Amino acid sequence: MGLTKTEIFSEEQNQMAALLKAMAHPARIAILQRILKSNTCICGNLVEELGLAQATISQHLKELKNAGIIQGTIEGVSICYCIEPKTWKLLQNQLGNFFASYKGEQNCC
């Protein structure tokens, strides 16, 4: 039986790819920026701030939550979202190491 493509890559490579894929949409970046800017949980202000439909916002929040980048808690009839600190730190470390591995121009290409 053959290998699936993900099996030939390391756990770290697959994990980073999954997290980046979950973030790879301008609306999701905007949502994350809004959460980071508020430095607290947000509870439903995104529709007005981003100008997207509630269903669209909900789908993007779902993708970010399923990837573990954000977490949500129910407060009354609202769901409040904030950054999931462990995943954020992991992503920060992995991307930091990835970008730091570039040693500069080597008169290449």
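Up top is the structure these notes are about.
Read on for an overview of the structure. (Residues numbered from 1 in each chain as written. Predicted model: local features only at pLDDT ≥ 70, side-chain atom pairs only at ≥ 80, totals over all residues. Heavy atoms only, no water.)

What follows covers the nonpolar core. Residues Leu-32, Ile-35, Leu-61, Ile-69 and Ile-70 are the most contacted members of the largest nonpolar core, which totals 16 residues. Of all the secondary-structure elements, those providing two or more residues to this core are α1 (11–23), α2 (26–38), α4 (54–66) and β2 (78–83). The residues contacting Ile-70, other than those within four sequence positions of it, are Leu-32, Ile-35, Leu-61, Leu-64, Lys-65, Tyr-81, Cys-82, Ile-83 and Glu-84. (Core = buried A, V, L, I, M, F, W, Y, C linked by side-chain atoms within 4.5 Å. Buried < 20%, exposed > 50% of the residue type's maximum accessible area, 1.4 Å probe, protein only. Helix = DSSP H or I, 4+ residues; strand = E, 2+ residues; numbered from the N terminus. Contact = heavy atoms within 4.5 Å.)

Turning next to α1. Between the first and last C-alpha of α1 there are 18 Å, a value that for 13 residues agrees with the 18 Å anticipated at 1.5 Å per step. For α1, the set of buried residues is Met-16, Leu-19, Ala-22 and Met-23. All buried residues of α1 fall inside an arc of 125 degrees around its axis, so they share one side. Among the structural elements, α2, α4 and α5 (85–100) are those in contact with the buried residues of α1. (Expected span 1.5 Å × (residues − 1). Arc of directions from axis to C-beta.)

All right, on to the state of the cysteines then. Enumeration according to the criterion identifies one disulfide in this entry. Each sulfur in the disulfide pair Cys-43 and Cys-80 lies 1.8 Å from the other. With the S-S bond torsion at 115 degrees, the cross-link from Cys-43 to Cys-80 turns out right-handed. One end of the pair, Cys-43, is in the loop between α2 and α3 (46–50); the other, Cys-80, is in strand β2, and 37 residues separate them in sequence. Residue classification places Cys-80 among the buried residues on the basis of a relative accessible area of 1%. Unpaired in this structure, Cys-41 has its nearest cysteine sulfur neighbour in Cys-82, at a distance of 3.3 Å. (Disulfide = S-S within 2.5 Å.)

Turning next to the pattern of salt bridges. Note on pairing: side chains with opposite charge can pair once their charged atoms come close. Within the structure shown, the criterion is met by one salt bridge. Among the salt bridges present, the one from Arg-34 reaches Glu-49, with a minimum N-O distance of 2.4 Å. Residue Arg-34 is found in helix α2, and its partner Glu-49 is found in helix α3; the two are separated by 15 residues along the sequence. (Salt bridge = Lys/Arg side-chain N within 4 Å of Asp/Glu carboxyl O.)

It is worth spelling out the packing of aromatic side chains at this point. Taken as a whole and judged by the stated rule, the model has one aromatic pair. Taken together, a centroid distance of 5.6 Å and an interplanar angle of 65 degrees make the contact between Phe-98 and Phe-99 edge-to-face. (Phe/Tyr/Trp six-rings, centres within 6.5 Å; stacked < 30°, edge-to-face > 60°.)

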